[in-house]
Amino acid sequence: MTDFKIPVRGAHNPSSTNAGTTPGSFAHAADIGGPKSFSSPDTPGMPQPSDKTAWDFMPEDWTYENGQWRPPAVFEPITQLEHARLGIVTPAMKRVAEREKHLTAEQVRDEVAAGRMIIPANRVHLSYKLDPMCIGRAGLTKINANMGASPVSSGTDEEVEKLQWAERWSADTVMDLSTGGDLDATRDTIIRHAHVPIGTVPIYSMIINRSIEELTTDVILDTLRHQAEQGVDYFTIHAGVARDHLPLIRKRLIGIVSRGGSLLAKWMLQHGQENPTYTHFEAICDVMHEYDVSFSLGDGLRPGGLADATDAAQLGELDRRGELTERAWRKGCQVMVEGPGHVPLDQIEYNMKLQRRLCHGAPFYVLGPLVTDVFPGYDHITSAIGATSAGYHGAAMLCYVTPKEHLGLPKKDDVKQGCIAYKIAAHAADVALGIPGARDWDDDLTRARAALNWDKHFDLAFDTDTARALHDEDLDVDTDFCAMCGHDWCSVRISKEIVEFESGKADGFARERVMKSPALTSEQQEILQTRGHLSPDEIHRLAGKTRDAVGGQSKASCHSDLVSDETEAFGVQGEKLLALRRKGKEGARPR
């Protein structure tokens, strides 16, 4: 047998019990407290991490004595960064450590102090329902869901419903990008209901009832202060867009696709002056510092198509945001940096690792990126492919893309689809990086699948209702096979029956060979109805797994409580599978 050389580099096994036979993650060994907390191996030629951290960009009135930094005599820490610099573990840091089970509160504190992690937690929002979380490469990969009313669609009630829906489907943060309706009331209501951090792009509110040309410093600072007082946890500020970058846009295939970036570009061209959010950046820092609002340094020149990816404008803005990161740290503010966009798969690693160098390890928050442009309606998939690569190569948070991207305002189901696509990407990246325990969930589902324990299988599935409904579309009894292979061809059943194999025999996962299946819930029925493959009568029949569920409708004869033994159940289901195959052949159309 060939002796394969497997490229293991010391990463943690993502299974806390070393379950299974895989050698584990091929990523680098964990470096908590260093620049490569959890990191992928570098393709030759990739930029190396910066040798600087937030400790290299301290306020001018702090002094370094006896191996530690000391603030002025009357200093009172406000932000999570300032507390961390003083060695203080805040309640928010303790809560983060409870949620990030592989980290201690002290490790969270040290990562925040180094600038490699942020805890977006406005002091006002902390007084409501906010459950503190972290964004940083030492933690699990996070996902953000965008929502917001537009001038032609949605309103406050619908946006709150979308918030709660996004939280249900595991969004770690939510951005309110409303540009229509009562923006102020919508934002306030969302913050008061949100358990997750809320971000905004304040320039949208700055131009309500005025043109971009009328934007002034007072309007900028007043808007930021008002939203900070409401409890917004992080602001997207497009201060990296410079006048010098604008000539680099002229030959782009699709110009500037960021709303904030395009608005500020128009302002600069109209006034012949530098970007006001850059010119007055320290004043912006002062407002955000007061409420501990985190920066999300916006990518106003991100590429809007593959043809414009990794160009001079995009990289020039990124370099400038490295400077802004340093300036914000000097003011005691927490910082993350936003990233592209539309990027070919081969260029994603470079983008992630260049940011790590230029921005000294500040968390990277990326939109996708989309790896192809030709699948409108499916861009939650095209972007989740890029997001998985981005998460593996260094991104700390992934901003979801929904099926409505480029087409319209996402509705409730679009939010669900976007969240699920990005939860897949984030979880896949965490397993690949070897984050301790990241694969435990997968291993448990594998144990349930090996035992053919359908109930446990569905309970462990991220979307239990859809998994159950799709299974029951073909077979409405839980037995030792599914409709794909049937009894005789089920490899999982055969492996389970081989005495020498451990497969299917894990403690706590075994079950009887045939078990009664509960009735489909109304939500599961709706899932099948919206698939468009079954008639209302068939949906009604599927829902008849208990007599009460459909007011006396009889059960299918293959149900385990209507037959004498499992052999009869197998026989009845075999006939049913044969009927399904015949039906499929009869319904097939020649191409």
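This one's a predicted model, so the numbers in the text were calculated from it and none came from an experiment. Per-chain numbering applies: the sequence of each chain, read as written, is numbered from 1 onward. The predicted nature of this model means local features are confined to residues of pLDDT at least 70 and side-chain atom pairs, given and counted, to a pLDDT of 80 or more, with totals for whole chains, interfaces and linings taken over all residues. Values reported for side chains reflect all heavy atoms of the structure, with hydrogen atoms and water molecules removed beforehand.

Can you help me understand the confidence of the model for the chain in this one?
Reading predicted coordinates in detail is not appropriate for stretches of low pLDDT. On average, residues of the chain carry a pLDDT of 88, and 86% of them reach 70 or more. Considering only residues more than four positions removed or in separate chains, one finds that residues 543–564, a stretch of pLDDT under 50, has 51 contacts. Within a predicted model, pLDDT stands for the predictor's per-residue confidence, ranging from 0 to 100. Any two residues having at least one pair of non-hydrogen atoms within 4.5 Å are treated as being in contact. Predicted confidence is poor over residues 587–591, with pLDDT under 50, and the contacts of this stretch with residues over four places away or in other chains come to zero contacts.

Before we go on, may I ask you to explain helix α3 (residues 105–114) in this structure?
An α-helical turn contains 3.6 residues, so a residue and the one three or four places further along point in the same direction. For every residue, the accessible area obtained with a 1.4 Å probe (protein chains only) is divided by the maximum for its type, and the residue is called buried under 20%, exposed over 50%, and partly exposed between those limits. By definition, any uninterrupted DSSP run of H or I lasting at least four residues is a helix, any uninterrupted run of E lasting at least two residues is a strand, and each is numbered from the N terminus. α3 sits mainly inside the fold: seven of its 10 residues count as buried. Listed in full, the buried residues belonging to α3 are Ala105, Val108, Arg109, Glu111, Val112, Ala113 and Ala114. The secondary structure elements touched by the buried residues of α3 are α1 (80–85), α2 (91–99), β3 (117–118) and α12 (312–330). Of the residues flanking the end of α3, it is Gly115, one or two places downstream, whose phi is positive at about 85°.

Can you help me understand the pattern of salt bridges in this one?
Pairing is possible between side chains of opposite charge, provided their charged atoms come close. Salt bridges are counted wherever a side-chain nitrogen of Lys or Arg sits within 4 Å of a carboxyl oxygen of Asp or Glu. Enumeration according to the criterion identifies 29 salt bridges in this entry. Here Arg109 and Asp110 are joined by a salt bridge, their closest N and O atoms 3.0 Å apart. According to the relative accessible area criterion, Arg109 is buried, its value standing at 17%. The partly exposed category is assigned to Asp110, whose relative accessible area is 39%. Note that Arg116 and Glu111 form a salt bridge whose closest N and O atoms lie 2.9 Å from each other. One connected set of salt bridges, linked through shared partners, spans Lys36, Asp42, Glu349, Lys353 and Arg356.

How do you make sense of the nonpolar core when you look at a structure like this?
The nonpolar side chains of soluble globular proteins are, as a tendency, buried together. The term nonpolar core refers to a set of buried residues drawn from Ala, Val, Leu, Ile, Met, Phe, Trp, Tyr and Cys, joined through side-chain atoms within 4.5 Å. Counting residues in each nonpolar core, the largest one holds 97 residues, and the members touching the most others are Val174, Phe295, Leu398 and Tyr422. Examining the composition of this core, we find that seven residues originate from one element, helix α15 (residues 412–433), more than from any other. Contact partners of Val174, with chain neighbours within four places excluded, come to Asn144, Ala145, Met147, Leu163, Ala166, Val196, Pro197, Ile198, Gly199 and Tyr234. In this structure, Ala84, Ala97, Ala105 and Ala113 belong to the second largest nonpolar core, which totals 16 residues.

Before we go on, may I ask you to explain the environment of Ser37 in this structure?
When you line up the elements, Ser37 lands in the segment before β1 (63–65). Residues Ser37 and Arg116 lie 79 residues apart in sequence; the distance between their C-alpha atoms is 9.2 Å. With residues up to four places along the chain from it excluded, the contact list for Ser37 reads Ala30, Asp31, Ile32, Glu111, Arg116, Arg137 and Ala138.

Sorry if this is basic, but what is going on with the packing of helix α11 (residues 281–291) against α12 here?
Axes are the key here: two packed helices are described by the angle between their axes and the distance separating the axes. Note on geometry: axes are lines fitted to C-alpha atoms, helical ones only across the stretch in contact, with angles between N-to-C directions running from 0 to 180 degrees. For the pair α11 and α12, the least separation of the axes is 10 Å and the interaxial angle reads 50°. Here α12 runs oblique to α11, going by the angle between their axes. When the axes of α11 and α12 are compared, the crossing they make is right-handed. Facing Phe281, Glu282 and Cys285 of α11, the residues of α12 in contact are Leu324, Arg327 and Ala328. Polar here means any residue other than Ala, Val, Leu, Ile, Met, Phe, Trp, Tyr, Cys and Pro, which are nonpolar, and Asp, Glu, Lys and Arg, which are charged; Gly is therefore polar. Looking at the contact of α11 with α12, its residues break down into four nonpolar, no polar and two charged. Note on terminology: angles under 35 degrees are roughly parallel, angles over 145 are roughly antiparallel, angles of 65 to 115 are roughly perpendicular, and the others are oblique. Here a crossing is called left-handed whenever its near helix is offset anticlockwise from the far helix by less than a right angle, and right-handed whenever the offset is clockwise.

When you look at unusual backbone geometry in this model, what are you seeing that I'm missing?
In this structure, Gly341 follows Pro340 across a cis peptide bond, with omega equal to 15°. In this model, Asn66 sits at a positive phi of 50°, which is unusual for a non-glycine residue. Located in the positive-phi region is Leu452, a residue other than glycine, with phi close to 55°. Within the secondary structure, Leu452 sits in the loop between α16 (440–450) and α17 (454–460).

Please clarify how the side chain of Ser205 should be interpreted in this entry.
Note that Ser205 resides in helix α7 (residues 203–206). Not counting residues up to four positions away in its chain, the partners in contact with Ser205 are Leu183, Arg187, Thr223 and Gln227.

Could you clarify how one ought to interpret the sheet that holds strand β9 (residues 294–297) in this entry?
Backbone hydrogen bonds hold the strands of a sheet together, and the pairing may be parallel or antiparallel. Each pair of strands is called paired provided DSSP finds at least two bridges between the two strands. Here we have eight strands rolled up into a closed barrel, ordered β5-β6-β7-β8-β9-β10-β11-β12, and parallel in their pairing. For this sheet, the mean angle separating the axes of adjacent strands, direction not counted, is 25°. Sheet topology note: the β9/strand β10 (residues 335–339) ladder contains three bridges and is parallel. From the neighbouring strand, Leu297 faces β10, where its bridge partner is Val337. Sheet strands in contact with helix α5 (residues 156–168) are β5 (142–147), β6 (173–176) and β7 (198–200), and its direction is about 165° off that of β5. In this fold α11 packs onto β8 (234–237) and β9, with an angle of close to 140° to the strand it touches most, β9.

Explain the pairing of strand β11 (residues 364–367) to me, please; I cannot follow it from the model alone.
The side chains of a regular strand alternate, residue by residue, between the two faces of the sheet. Taking every second residue as pointing to the same face, both faces of β11 are buried, with Phe364 and Val366 on one and Tyr365 and Leu367 on the other. In terms of strand pairing, β10 meets β11 through three bridges, oriented parallel. Looking across to β11, one finds that Val337 is bridged to Phe364. Handedness of the β-α-β unit built from β10, helix α13 (residues 348–358) and β11 comes out right-handed. Examined bridge by bridge, β11 and strand β12 (residues 397–399) share three bridges and lie parallel to one another. The residue of β12 that forms the bridge with Tyr365 is Met397. Throughout, right-handed denotes a crossover for which the path from the first strand over the helix to the second runs clockwise when the strands point away from the viewer.

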